[in-house]
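# Examining the three-dimensional arrangement
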There are 2 protein chains.
Amino acid sequence: MPSQRTIALDAMGGDFGPSVVIPGAALSLERQPNADFILFGNETRIREALGAHPALAKRTRVVHTDFVIASDEKPSQAMRRGKGSSMWLALEAVKNGEAAAAVSGGNTGALMAMAKLILRPLTGIERPAIAALWPTVTAECIVLDVGANIGATAQHLTDFAILGAGMARALFHVERPAVGLLNVGSEEIKGNEAVKEAHAWLKDHDLPITYKGFVEGDEIGHGVADVIVVEGFAGNIALKTAEGTAKQVRRYIKDAMGSSLLSRAGAMLARGGFMALNERMDPRRMNGGTFLGLNGIAIKSHGGSDAVGFASAIDLAYEMADSGLIARLTSDLAACQTMTAGKAASG
Amino acid sequence: MPSQRTIALDAMGGDFGPSVVIPGAALSLERQPNADFILFGNETRIREALGAHPALAKRTRVVHTDFVIASDEKPSQAMRRGKGSSMWLALEAVKNGEAAAAVSGGNTGALMAMAKLILRPLTGIERPAIAALWPTVTAECIVLDVGANIGATAQHLTDFAILGAGMARALFHVERPAVGLLNVGSEEIKGNEAVKEAHAWLKDHDLPITYKGFVEGDEIGHGVADVIVVEGFAGNIALKTAEGTAKQVRRYIKDAMGSSLLSRAGAMLARGGFMALNERMDPRRMNGGTFLGLNGIAIKSHGGSDAVGFASAIDLAYEMADSGLIARLTSDLAACQTMTAGKAASG
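Computed from a predicted structure; not experimentally measured.

Okay, the nonpolar core next. Of all hydrophobic cores here, the largest spans 226 residues; its most connected members are Leu9(A), Phe37(A), Leu144(A), Leu9(B), Phe37(B) and Leu144(B). With sequence-adjacent residues up to four places away left out, Phe37(B) is seen in contact with Ile7(B), Leu9(B), Ala25(B), Leu29(B), Leu56(B), Arg59(B), Thr60(B), Arg61(B) and Ile314(B). Grouped together as the second largest cluster of nonpolar side chains are 24 residues, Ile253(A), Ala256(B), Ala267(B) and Met281(B) included.

Below, the discussion takes up the interface of chain B and chain A. Interface extent is often summarised as the accessible area lost during association of the parts. At the interface, 51 residues of chain B touch 51 residues of chain A. When residues of chain B are sorted by the area they lose upon contact with chain A, Val184(B), Phe233(B) and Tyr252(B) head the list and together hold 14% of the total. Linking chain B to chain A there are four salt bridges. A salt bridge links Arg280(A) to Asp255(B); the nearest nitrogen and oxygen atoms lie 3.0 Å apart. Here chain B is connected to chain A by 12 residue pairs in polar contact (both at pLDDT 80 or more). The element contributing the most residues to the side of chain B that touches chain A is helix α9 (residues 232–257) of chain B, with 20 residues. A breakdown of the residues in the side of chain B that touches chain A according to their chemical character gives 27 nonpolar, 17 polar and seven charged.

Across all of its chains, the model carries 29 salt bridges over all chains by this definition. With its nearest N and O atoms 2.9 Å apart, the salt bridge here joins Asp282(B) to Arg284(B). When salt bridges with common partners are traced through the structure, they connect Arg169(A), Glu175(A), Arg328(A) and Asp332(A) into a single cluster.

Mapping chain B onto chain A leaves a residual RMSD of 0.1 Å; the transformation is a rotation of 180° accompanied by 0.0 Å of translation along its axis. Expressed as an axis order, the relation between the two copies is that of a two-fold axis. When each C-alpha of chain B is compared by its distance to the rotation axis, Gly266(B) comes out closest, at 2.0 Å. Mapped onto chain A, 100% of the interface residues of chain B are again interface residues, and the two copies thus contact each other with one and the same surface.

Quick look at the sheet that holds strand β2 (residues 36–41) of chain B now. Residue and element names in this part refer to chain B. Ordered in space as β3-β2-β1-β4-β11-β10-β5-β6-β9-β7-β8, the 11 strands form an open sheet in which the pairing is mixed. Two strands lie at the open edges of the sheet, namely β3 (60–64) and β8 (210–215), each paired on one side alone. With direction set aside, neighbouring strand axes in the sheet form an average angle of 25°. Here three bridges tie strand β6 (residues 140–144) to strand β9 (residues 227–229), and the two strands are oriented parallel to one another. Paired with Leu 144 across the strands is Val 229, a residue of β9.

All names here are of chain A. Over its 16 residues, helix α12 (residues 307–322) extends 22 Å from the first C-alpha to the last, a length consistent with the 22 Å expected when each residue adds 1.5 Å. The buried fraction of α12 amounts to 13 of the 16 residues, a majority that puts the element mostly inside the structure. Residue Asp 306 occupies the N-cap position of α12, its side-chain oxygen lying 3.2 Å from the main-chain nitrogen of Val 308. After α12 finishes, the residue Gly 324 shows a positive phi value of roughly 70°.

What follows covers helix α10 (residues 261–269) of chain B. Residues Ser263(B), Gly266(B) and Ala267(B) constitute the buried set of α10(B). Along the axis of α10(B), the buried positions cluster into a sector of 100°, meaning they face one direction only. Set apart from the buried face of α10(B) by more than 90 degrees, the exposed residues are Leu261(B) and Met268(B). Packed against the buried residues of α10(B) are α10 (261–269) and α11 (271–280) of chain A together with α9 and α11 (271–280) of chain B.

Let's shift gears to a nonpolar patch on the surface. A contiguous nonpolar surface patch, about 350 Å² in accessible area, is contributed by Leu262(A), Leu269(A), Leu262(B) and Leu269(B). Elements with a minimum of two residues in the nonpolar patch: α10 of chain A together with α10 of chain B. Tracing the sequence through the fold places Leu269(B) in helix α10.

On to the environment of Arg81(A), then. Residues and elements named next belong to chain A. The residue Arg 81 is located in helix α4 (residues 75–81) in this model. Spatially, the C-alpha atoms of Arg 81 and Ile 69 are 9.2 Å apart, while their sequence positions differ by 12 residues. Dropping the residues within four chain positions of it, Arg 81 is found in contact with Phe 67 and Glu 73. At 3.2 Å, the side chain of Arg 81 and the side chain of Glu 73 are in polar contact.

As a further point, take the confidence of the model for chain A. A residue-level look at chain A finds 97% of positions with pLDDT of 70 or above and a mean pLDDT of 92. Taken over the whole predicted complex, pTM reads 0.92, whereas the ipTM for its chain interfaces reads 0.90.

Let us now look at unusual backbone geometry. Cis peptide bonds are those with omega within 30 degrees of zero, and the linkage from Leu144(A) to Asp145(A) qualifies with 5°. With respect to the element layout, Asp145(A) can be found in the loop between β6 (140–144) and α7 (154–172). Positive phi, normally seen in glycine, also occurs at Arg120(A), with a value near 65°. Summarising the element assignment, Arg120(A) is placed in the loop between α6 (108–119) and β5 (129–135). On the basis of relative accessible area, Arg120(A) is assigned to the partly exposed category, the value being 48%. Of note in this structure, His173(B) is not a glycine but carries a positive phi near 60°.

Let us now look at the side chain of Asp332(A). Residue and element names in this part refer to chain A. Checked against the element boundaries, Asp 332 lands in helix α13 (residues 325–346). By relative accessible area, which is 11% here, Asp 332 ends up buried. Ignoring any residue separated from it by four or fewer positions in sequence, one finds Asp 332 in contact with Ile 162, Arg 169 and Pro 208.

Our next topic: the packing of helix α5 (residues 86–95) of chain A against α6(A). Residue and element names in this part refer to chain A. At a minimum axis distance of 10 Å, the contact between α5 and α6 shows a crossing angle of 35°. Helix-helix and strand crossings are classified by hand; for α5 and α6 the assignment is right-handed. Of α6, the residues touching α5 (which contributes Met 87, Trp 88, Leu 91, Glu 92, Val 94 and Lys 95) are Ala 110, Leu 111, Met 114, Ala 115, Leu 117, Ile 118 and Leu 119. In terms of residue class, the contact of α5 with α6 is built from 11 nonpolar, no polar and two charged.

This part covers the sheet that holds strand β4 (residues 101–104) of chain A. Residues and elements named next belong to chain A. What the 11 strands build is an open sheet, ordered β3-β2-β1-β4-β11-β10-β5-β6-β9-β7-β8; its pairing is mixed. Each end of this open sheet is capped by a strand with a single partner; those strands are β3 (60–64) and β8 (210–215). Each adjacent strand pair in this sheet contributes to an overall mean axis angle of 25°, direction not counted. Of the pairings in the sheet, the one linking β5 to strand β10 (residues 289–292) comprises three bridges and is antiparallel in character. Residue pairing for β10: Ala 131 is matched across the bridge by Thr 290.

Analysis parameters
- Residues numbered from 1 in each chain as written.
- Chains lettered and ligands numbered in written order.
- Predicted model: local features only at pLDDT ≥ 70, side-chain atom pairs only at ≥ 80, totals over all residues.
- Heavy atoms only, no water.
- Core = buried A, V, L, I, M, F, W, Y, C linked by side-chain atoms within 4.5 Å.
- Buried < 20%, exposed > 50% of the residue type's maximum accessible area, 1.4 Å probe, protein only.
- Contact = heavy atoms within 4.5 Å.
- Buried area = accessible area lost by both parts, 1.4 Å probe.
- Salt bridge = Lys/Arg side-chain N within 4 Å of Asp/Glu carboxyl O.
- Polar contact = N/O pair within 3.5 Å; in protein donor to acceptor, adjacent residues only side chain to side chain.
- Helix = DSSP H or I, 4+ residues; strand = E, 2+ residues; numbered from the N terminus.
- Nonpolar A, V, L, I, M, F, W, Y, C, P; charged D, E, K, R; others polar.
- Least-squares fit on C-alpha atoms with pLDDT ≥ 70 in both.
- Pairing = 2+ DSSP bridges.
- Axes fitted to C-alpha atoms, helices over the stretch in contact; angles between N-to-C directions.
- Expected span 1.5 Å × (residues − 1).
- Arc of directions from axis to C-beta.
- Patch = residues over 30% accessible without salt bridge, like charges linked within 9 Å, V, L, I, M, F, W, Y side chains within 5 Å.
- Areas by Shrake-Rupley, 256 points an atom, 1.4 Å probe, with all protein chains shown as cover.
- pLDDT = per-residue confidence, 0-100.
- Left-handed = near helix turned anticlockwise from the far one by under 90°.

Below you can see the structure in the form of structure tokens.
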């Protein structure tokens, strides 16, 4: 099935449109040489940008549209009036089976609203989530929901656990991903009702995961679990706080290393180490918010990202598409619903 | 009024009791030479530790008790059965006017429950909050609530704004502290109902603050406001996530600087810079969760903290006590209640 390796790109999304999307795709193609692309947007601009990337041009089909969703468009308007836009067409390509995943750097709210409308939620999923890759001291983990929804019931949280585990299986190649539930303490009495109820459910059910119980904010980056489940408001704040803290520390390092002649000389000598550090802390490596819980893969790239960042988002889309994520999630969710129904019937 | 400068210490709280509390108090006394102390706990152990700190011994009164609240005691039990414990007596000293603030490294839940019972909430405050000092690139800010409560109404959030502003006035000496409301986006349509309603109220009322509107997680550390208001579940997760991220980056720096001979040599040469960096990132500098909204000041020191960290918590208690925080808060809250009542009457 060739479409399994075809990625649909909204060439007009993000702050820079084709001038970032096309070099990003070219970079990703070097790493995933079997990928094919469909690019949606202004054909003249796309062809122009493709001129510099002949290898990419050979594996790319261009679909012209002049209609672009504005970055400040309200999600409800985008849903009603977005048909035919580059974003809409990229998602439709996934729905029609022409592509296995869509990537856009456009308006997050609009993309989420359209993705729900076009791809539809998986059976049993009431609220799709946005999952983020989070660097840890050992490797990386998946945190969800980082802001698709405000508020979550216990059922939503347990759904997130199953969705996140599916993504971890696809990306980290572990059969039973370790899943933790983000809370304000590790004792069973801590947290709100939804968190406590989700905890009890995850402990009691035999899911294809290794449930690690409650996890606190300072443990996310320490590699305690492959998947961290959290309600979207707190999850968004956690993600942005971590990004802000990392940026703040980079600023501290710069200040400290420029503070004296000796420090500047030492930093120069250690520049190999600083380069390794910068690479490890490069936020572009982890670019890409994944919409999980839909009949298809949709990835939001950061709107201000450059080609390196956009390439990371495409890599992510490719890896997940290539792993057969959606088919596996569908069967996991069905098994889960049988469990719950069985319990209700016997309980 | 000499008690304005008297600090009550739970000498038995935290993982190390008097062996951290007494050297911590001695360190704080060097910085605040007008401070007096009342120490509650096992007199023999306290006297033993005081032997090494004659300057502190001269300014200290010891009150013996053998009763210590266990670190795993439930808050409800601590409230019912905690009378006479070192923690209880330290809070009672504040209530009786013998001390202006209490500091304990003991069980947070127990301390909060007892503090509410003994000190009582300020008039009009339904939910006291825990405020944390948060380092920023320019200086520091105050974030509350970092976990006293789970969930918050709009009224709770606006109360937190006033309480946090009072603390900022006491510590940062600004007459109209800048206050931001933590949210998942800066647009007015973002967030939950409580956040939106609190935002509208803060915009519409003439409070002794400069209201900055919504703030996102990545802005906390960038010095955009003196006070950041957030519901306790998300606030606790934000605080711990920031702590964890800072720790993670320290680990990255260590790895990077040890990765080659050249990097190690450079790091050695730049050790002045690294020392400055370590000092700036030292979590002990910001130790101390302040309980705000009570008729008295109570500070929770981190249970695992050493003397340097405990001294920071005492410094914080001293500065706030010395500033007349409670009197000012009482009048701010009364003015605020008049506003709300006026609006209700005219509306």
